[in-house]
Amino acid sequence: MIWKIMLLLLVFMVSAHFAVADCEYNGALYPEGTVIGPYTCRGSQWKIE
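Residues numbered from 1 in each chain as written. Predicted model: local features only at pLDDT ≥ 70, side-chain atom pairs only at ≥ 80, totals over all residues. Heavy atoms only, no water.

Chemist: How would you sum up the pattern of salt bridges? Please name residues and give values.
Modeler: Applying the stated criterion to the full structure yields one salt bridge. A salt bridge links E49 to R42; the shortest N-O distance between them is 3.3 Å. What makes E49 exposed here is its relative accessible area of 61%. (Salt bridge = Lys/Arg side-chain N within 4 Å of Asp/Glu carboxyl O. Buried < 20%, exposed > 50% of the residue type's maximum accessible area, 1.4 Å probe, protein only.)

Have a look at this one:
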């Protein structure tokens, strides 16, 4: 039973790893599509839109 809980936690941790944001701004990470002022996170770069 304990191994099921450990496996679930492991799956959660691995899937959370793939949810890493794409763009960095002032030391913080932001997901794609985030808008800060005139900048939008596209791919791994901030684009002016």
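Chemist: So what's going on with the sheet that holds strand 4 (residues 39-42)? Residues and values would help.
Modeler: If you trace the three strands from one edge of the open sheet to the other, you get 3-4-5, paired in antiparallel fashion. Two strands in the sheet have a free side with no partner beyond their single neighbour: strand 3 (35-36) and strand 5 (45-48). As paired strands, strand 4 and strand 5 are joined by four bridges and run antiparallel to one another. Pairing of R42 across the sheet is with Q45, part of strand 5. (Pairing = 2+ DSSP bridges. Helix = DSSP H or I, 4+ residues; strand = E, 2+ residues; numbered from the N terminus.)

Chemist: Tell me what's going on with the packing of aromatic side chains, and back it up with residues and numbers.
Modeler: Scanning the entire structure with this criterion turns up two aromatic pairs. Relative to W46, the ring of Y25 lies with its centre 6.0 Å away and its plane at 70 degrees, an arrangement referred to as edge-to-face. One end of the pair, Y25, is in strand 1 (residues 23-25); the other, W46, is in strand 5, with 21 residues separating them in the sequence. Of the residues examined, Y25 reaches a relative accessible area of 35% and is grouped as partly exposed. Judged by relative accessible area, W46 falls into the partly exposed class, the value being 22%. Consider the rings of Y30 and W46, whose centres lie 6.0 Å apart with planes at 70 degrees: the pair is edge-to-face. In this pair, Y30 is assigned in strand 2 (residues 28-30) and W46 in strand 5, connecting sequence segments 16 residues apart. (Phe/Tyr/Trp six-rings, centres within 6.5 Å; stacked < 30°, edge-to-face > 60°.)

Chemist: Any chance you could break down unusual backbone geometry for me, citing the residues and the numbers?
Modeler: Both trends apply: most residues other than glycine have a negative phi, and most peptide bonds are in trans. Here the phi dihedral of N26 falls at roughly 50 degrees; this positive angle occurs in a residue that is not glycine. Overall, N26 belongs to the exposed group, its relative accessible area being 72%.

Chemist: So what about a nonpolar patch on the surface? Which residues, and what values?
Modeler: Taken together, the side chains of M1, I2, W3, I5, M6 and L7 present a nonpolar region at the surface, about 740 Å² in accessible area. Position of W3 relative to the elements: it lies in helix 1 (residues 2-17). Taking relative accessible area as the criterion, W3 reaches 55% and is therefore assigned exposed. (Patch = residues over 30% accessible without salt bridge, like charges linked within 9 Å, V, L, I, M, F, W, Y side chains within 5 Å. Areas by Shrake-Rupley, 256 points an atom, 1.4 Å probe, with all protein chains shown as cover.)

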